[in-house]
Amino acid sequence: MRKLLKLTAVNLGIAAAAVILYSPGLVALRLSDYSIFRAGMSIIAALALIAVFFLANIRLLRAPDHKPVTLEEVPDLEKAKNILKEHCGGKYFGNMARTASEQLDRILKCRQRLSGILEQKFARGSMSFDKFDSVAAAAEVSAIKNVVAMANRMRLFDEKEYARLQHYREDDIPDDIQEEQLRLYQKNFDNVRSTISLNEKILLKLDALAMEISSLNSGDDKNLNHELIHEIEKLIDETRYYQ
């Protein structure tokens, strides 16, 4: 539906531009114009409108890219957000994609906040600084891996097929086969939800770590609750189950 609306809007825009350019009383371009410049512009404008029409329609109508995303294509949080954009308007995964994108914004802010606190409390390059910074960096990488896994699951999801399966009892295909297909789709949903939940837990622990470090005396990490670091590392380790 969203694609159809975009397609309609683009084509109406092209039609409106053509009316404005060629209608008498408006720009009134025509090949027979006594002005060589205006006659030439009538040809250029026509070619431009045709080119825009074909390029826009081909781009909007082409099939979505189902090629899996690789980690090499997603080096940072901003790239991770970009691969979620194509799913934000989806009927079934739209809300989840938007939630995951918001989580990435929050992880970025938390990471920046934690980096600022570390620079205040510890000398850059010190063992304490490197220890906490490496944990935070690993958590960020873990969140990116989770989003890549999530995006790949969303790309495998066929919305038309899933919609058809909602009425599987009304066709001639054996119900038990289609019920198995529905279970696979449901498993896909559940895995995406679990991945969002894991990123939320990582966010929670990073926030807790930032608050713990901010309450320490500068250069002293002896009173830190090191169980927090262990919990973050466990969450990072969980990421491999969603790949």
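Residues numbered from 1 in each chain as written. Predicted model: local features only at pLDDT ≥ 70, side-chain atom pairs only at ≥ 80, totals over all residues. Heavy atoms only, no water.

### Describing the packing of helix H7 (residues 175-214) against helix H8 (residues 227-238)
Orientation of H7 relative to H8, taken along the N-to-C sense of each, is 160°, at an axis distance of 10 Å. Taken together, the axes of H7 and H8 lie roughly antiparallel to each other. Crossing handedness for the pair H7 and H8: left-handed. Packed against H7, whose contacting residues are Leu-198, Lys-201, Ile-202, Lys-205, Leu-206, Ala-208, Leu-209 and Glu-212, the element H8 presents Leu-228, Ile-229, Glu-231, Ile-232, Leu-235 and Glu-238 at the interface. Partitioning the contact of H7 with H8 into residue classes produces nine nonpolar, no polar and five charged. (Axes fitted to C-alpha atoms, helices over the stretch in contact; angles between N-to-C directions. Helix = DSSP H or I, 4+ residues; strand = E, 2+ residues; numbered from the N terminus. Parallel < 35°, antiparallel > 145°, perpendicular 65-115°, else oblique. Left-handed = near helix turned anticlockwise from the far one by under 90°. Contact = heavy atoms within 4.5 Å. Nonpolar A, V, L, I, M, F, W, Y, C, P; charged D, E, K, R; others polar.)

### Quick notes on the pattern of salt bridges
Applying the stated criterion across every chain, the model contains 14 salt bridges. Across the salt bridge formed by Arg-169 and Glu-179, the nearest N and O atoms sit 3.7 Å from each other. On the criterion of sequence distance, the pair formed by Arg-169 in the loop between helix H6 (159-165) and H7 and Glu-179 in helix H7 is long-range, its members being 10 residues apart. Judged by relative accessible area, Glu-179 falls into the partly exposed class, the value being 25%. Linking Lys-205 and Glu-231 is a salt bridge whose minimum nitrogen-to-oxygen distance equals 2.8 Å. Of this pair, Lys-205 sits in helix H7 while Glu-231 sits in helix H8; the two residues are 26 residues apart in sequence, bridging distant segments of the chain. On the basis of relative accessible area, Lys-205 is assigned to the partly exposed category, the value being 23%. (Salt bridge = Lys/Arg side-chain N within 4 Å of Asp/Glu carboxyl O. Buried < 20%, exposed > 50% of the residue type's maximum accessible area, 1.4 Å probe, protein only.)

### Examining the side chain of His-87
For His-87, the position within the fold is in the loop between helix H3 (77-85) and helix H4 (94-121). Residue His-87 is classed as buried on the basis of its relative accessible area, which comes to 10%. Not counting residues within four places of it along the chain, the set of residues in contact with His-87 comprises Phe-93, Gly-94, Ala-97, Ala-151, Met-154 and Arg-155.

### Notes on the confidence of the model for the chain
Caution is warranted with low-pLDDT regions, since their predicted coordinates should not be read in detail. Looking at the chain as a whole, its pLDDT mean stands at 82, while 90% of the residues score no less than 70. Predicted confidence in the chain is weakest over helix H1 (residues 2-22), with a mean pLDDT of 72, and strongest over H4, with 91. (pLDDT = per-residue confidence, 0-100.)

### Re a nonpolar patch on the surface
On the surface, Leu-31, Ile-43, Leu-47, Ile-50, Phe-53, Phe-54 and Ile-58 cluster together to form a nonpolar patch covering roughly 710 Å² of accessible area. Within the secondary structure layout, Ile-58 lies in helix H2 (residues 36-61). According to the relative accessible area criterion, Ile-58 is exposed, its value standing at 56%. (Patch = residues over 30% accessible without salt bridge, like charges linked within 9 Å, V, L, I, M, F, W, Y side chains within 5 Å. Areas by Shrake-Rupley, 256 points an atom, 1.4 Å probe, with all protein chains shown as cover.)

### Examining the environment of Arg-155
Along the chain, the position of Arg-155 falls in helix H5 (residues 127-156). On the accessibility criterion, Arg-155 (11% relative accessible area) is buried. For the pair formed by Arg-155 and Pro-68, sequence separation is 87 residues and the distance between their alpha carbons is 7.5 Å. Within the structure, the side chain of Arg-155 is placed 2.7 Å from the side chain of Glu-86, a separation counted as a polar contact. (Polar contact = N/O pair within 3.5 Å; in protein donor to acceptor, adjacent residues only side chain to side chain.)

### Points about the nonpolar core
Of all hydrophobic cores here, the largest spans 52 residues; its most connected members are Leu-114, Leu-206 and Ile-213. Not counting chain neighbours up to four residues away, the residues in contact with Ile-213 comprise Leu-114, Ile-117, Leu-118, Lys-121, Phe-122, Phe-132 and Leu-224. (Core = buried A, V, L, I, M, F, W, Y, C linked by side-chain atoms within 4.5 Å.)

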